[in-house]
Amino acid sequence: DVKVTQSSRYLVKRTGEKVFLECVQDMDHENMFWYRQDPGLGLRLIYFSYDVKMKEKGDIPEGYSVSREKKERFSLILESASTNQTSMYLCASRGILAGADTQYFGPGTRLTVL
Amino acid sequence: AQSVSQHNHHVILSEAASLELGCNYSYGGTVNLFWYVQYPGQHLQLLLKYFSGDPLVKGIKGFEAEFIKSKFSFNLRKPSVQWSDTAEYFCAVNEGKNTDKLIFGTGTRLQVFP
């Protein structure tokens, strides 16, 4: 089974802090994704990565950056956290072999910014 | 740009009732379609998917969905729900020919009472 893990289930930070959310997958998947999930808005794509050191902006990249130094790890960075970034953050990974079109999700990190 | 609509935001059913959750998308070309489910406190996981072929797709736990191209719809159905089906359900569509990006609907919260 594919396993996607995220470094924290719950995180509380203060406005202005730099926040790192880590995601690790164990299936050698090329593609990794960061979403935020908000009630009534569904999942919105923040950033994704095709491969190591490659990244693409999603639909809501403002206020976020990402890092992919190793294939299995994809980090989401909030340079200066703000209260409107309080949300559930979901990481996903996906392989690119034929038929491997499913994104596999981690458990999520619920971030509260005070 | 691709968009996905889930018109039912909150559905309440008794056990054994039939379920149909609506999903409509906007892109008129080739699409890949997905239903994901998030049980309380659990990961988002794939319920079923459609890429091509038979437009009636069967998934896990007795769920099925029908792709109707002329209606731009991919509705989720289950003939008899159980209490354990209480969850949030998300429809997702790939963005045109870009199968890396998924566009998610806003989700439907299903509550099933015994």
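The model shown is predicted, which means the values in this text are computed figures rather than measured ones.

Let's talk about the packing of aromatic side chains
Point 1. Inspection of every chain in the model, using the stated rule, returns 16 aromatic pairs over all chains.
Point 2. Aromatic pair Tyr35(A) and Phe104(B): ring centres 5.5 Å apart, planes at 85°, arrangement edge-to-face. Of this pair, Tyr35(A) sits in strand β4 (residues 31–38) while Phe104(B) sits in strand β11 (residues 98–104), placing the two residues on different chains. The pair Tyr35(A) / Phe104(B) is uniform in exposure class, with both members buried.
Point 3. Taken together, a centroid distance of 5.6 Å and an interplanar angle of 70° make the contact between Phe34(B) and Phe51(B) edge-to-face. Within this pair, whereas Phe34(B) is found in strand β5 (residues 33–38), its partner Phe51(B) is found in the loop between β6 (44–50) and β7 (56–58), the two being separated by 17 residues in sequence.
Point 4. By relative accessible area, which is 26% here, Phe51(B) ends up partly exposed.

A short note on the pairing of strand β12 (residues 108–113) of chain B
Point 1. Here five bridges tie strand β2 (residues 10–14) of chain B to β12(B), and the two strands are oriented parallel to one another. Bridge pairing in β12(B) links Ile12(B) to Gln111(B).

Considering the nonpolar core
Point 1. Ranked by internal contacts, the top residues of the largest apolar core, which has 29 residues, are Trp35(B), Leu48(B), Leu76(B) and Tyr89(B).
Point 2. Elements that contribute at least two residues to this core include exactly β2, β3 (19–21), β5, β6, β8 (64–68), β9 (73–78), β10 (87–95) and β12 of chain B.
Point 3. With four residues, the top contributor of residues to this core is β10(B).
Point 4. Residues Val4(A), Trp34(A), Tyr64(A) and Cys91(A) belong to the second largest nonpolar core, which totals 20 residues.

Let's talk about the state of the cysteines
Point 1. A full pass over the atoms with the stated rule returns two disulfides over all chains.
Point 2. There is a disulfide in this structure between Cys23(A) and Cys91(A), and the S-S distance comes to 1.9 Å. Here the disulfide of Cys23(A) and Cys91(A) is left-handed, its torsion about the S-S bond being about -75°. Placement of Cys23(A) in strand β3 (residues 19–25) and of Cys91(A) in strand β9 (residues 87–94) is noted, with a sequence separation of 68 residues between them.
Point 3. Overall, Cys91(A) belongs to the buried group, its relative accessible area being 0%.
Point 4. Across the disulfide, Cys23(B) is cross-linked to Cys91(B) (sulfur-sulfur distance 1.9 Å). When the S-S torsion is -65°, as for the bridge of Cys23(B) with Cys91(B), the disulfide is left-handed. Here Cys91(B) lies in strand β10 and Cys23(B) lies in the loop between β3 and β4 (24–25), a separation of 68 residues in the sequence.
Point 5. Of the residues examined, Cys23(B) reaches a relative accessible area of 0% and is grouped as buried.
Point 6. The buried category is assigned to Cys91(B), whose relative accessible area is 0%.

What counts and what doesn't
- Residues numbered from 1 in each chain as written.
- Chains lettered and ligands numbered in written order.
- Predicted model: local features only at pLDDT ≥ 70, side-chain atom pairs only at ≥ 80, totals over all residues.
- Heavy atoms only, no water.
- Phe/Tyr/Trp six-rings, centres within 6.5 Å; stacked < 30°, edge-to-face > 60°.
- Helix = DSSP H or I, 4+ residues; strand = E, 2+ residues; numbered from the N terminus.
- Buried < 20%, exposed > 50% of the residue type's maximum accessible area, 1.4 Å probe, protein only.
- Pairing = 2+ DSSP bridges.
- Core = buried A, V, L, I, M, F, W, Y, C linked by side-chain atoms within 4.5 Å.
- Disulfide = S-S within 2.5 Å.

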